[in-house]
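Given next are the chains, with one letter for each unit.
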Amino acid sequence: MANIYDNAYDLEKAIRNSEEFQGLKEAYDAVMSEESAKKMFEDFRQTQITLQQKQMQGEEISEEEVEQARQVVELVQQHPQISTLMEQEQRLNTVINDVSQIITKPLEELYGNPEEPQQ
């Protein structure tokens, strides 16, 4: 029987070599190579992190913060390189979510609907 950790490292390599990850890496490198895009993207990420931290700590997010975040999102979506980066990130996230569903299938089958008989 194969070691589950070996399989996990094989999966990590497969993700790293995937078309989706390569597209994300290229888009990320393009954003980081242009100073204005890099600054805009870093501001966007900082806004995301700040709001997530407040949420996780149970703090309220003000209307002003919501509006500021909305403006930052609109701004970055208008930048072609950042927009491409976000699209590529979404593609990779879809793959990772699909893989997560596959690897958690044994747990879903085990704990699934208690009214369904186990096979």
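Please refer to the structure placed before this passage.
Thresholds, definitions, all that
Residues numbered from 1 in each chain as written. Predicted model: local features only at pLDDT ≥ 70, side-chain atom pairs only at ≥ 80, totals over all residues. Heavy atoms only, no water. Helix = DSSP H or I, 4+ residues; strand = E, 2+ residues; numbered from the N terminus. Buried < 20%, exposed > 50% of the residue type's maximum accessible area, 1.4 Å probe, protein only. Contact = heavy atoms within 4.5 Å. Salt bridge = Lys/Arg side-chain N within 4 Å of Asp/Glu carboxyl O. Axes fitted to C-alpha atoms, helices over the stretch in contact; angles between N-to-C directions. Parallel < 35°, antiparallel > 145°, perpendicular 65-115°, else oblique. Nonpolar A, V, L, I, M, F, W, Y, C, P; charged D, E, K, R; others polar.

Visitor: Describe the overall build of the chain, and please don't skip the residues or the numbers.
Guide: A count of helical and extended segments in the chain gives six helices and zero strands. Along the chain, helices (α) and strands (β) appear in the sequence α-α-α-α-α-α when read from the amino end. Over its C-alpha atoms, taken along the principal directions, the chain stretches across nearly 55 × 35 × 20 Å. Counting over 119 residues, the chain shows a buried share of 18%. Pairs at least 24 apart in sequence give 62% of the contacts found in the chain among residues at least 6 apart.

Visitor: For the pattern of salt bridges, give the residues involved together with the corresponding values.
Guide: Side-chain pairs of opposite charge can arise where the charged atoms are in close proximity. This model, assessed by the stated rule, comprises seven salt bridges. When the shortest N-O distance is used, the salt bridge between Lys-54 and Glu-65 registers 2.8 Å. Here Lys-54 is found in helix H3 (residues 35–56), whereas its partner Glu-65 is found in helix H4 (residues 63–78), with 11 residues between them in sequence. Residue Lys-54 is classed as buried on the basis of its relative accessible area, which comes to 17%. Across the pair Glu-74 and Arg-70 runs a salt bridge whose closest N-O atoms are separated by 2.2 Å. Taken together, the positions of Glu-74 and Arg-70, both in helix H4 and four residues apart, correspond to about one turn of that helix. Residue class for Glu-74 comes out partly exposed when judged on its relative accessible area of 37%.

Visitor: Which residues make up the packing of H4 against helix H5 (residues 80–103), and what values do they have?
Guide: Interhelical geometry of H4 versus H5 gives an angle of 100° and a closest axis separation of 5 Å. In terms of orientation, H4 lies roughly perpendicular with respect to H5. Contacts between H4 and H5 involve Val-76, Gln-77 and Gln-78 from the first element and Pro-80, Ile-82, Ser-83 and Met-86 from the second. Considering only residue class, the contact of H4 with H5 consists of four nonpolar, three polar and no charged.

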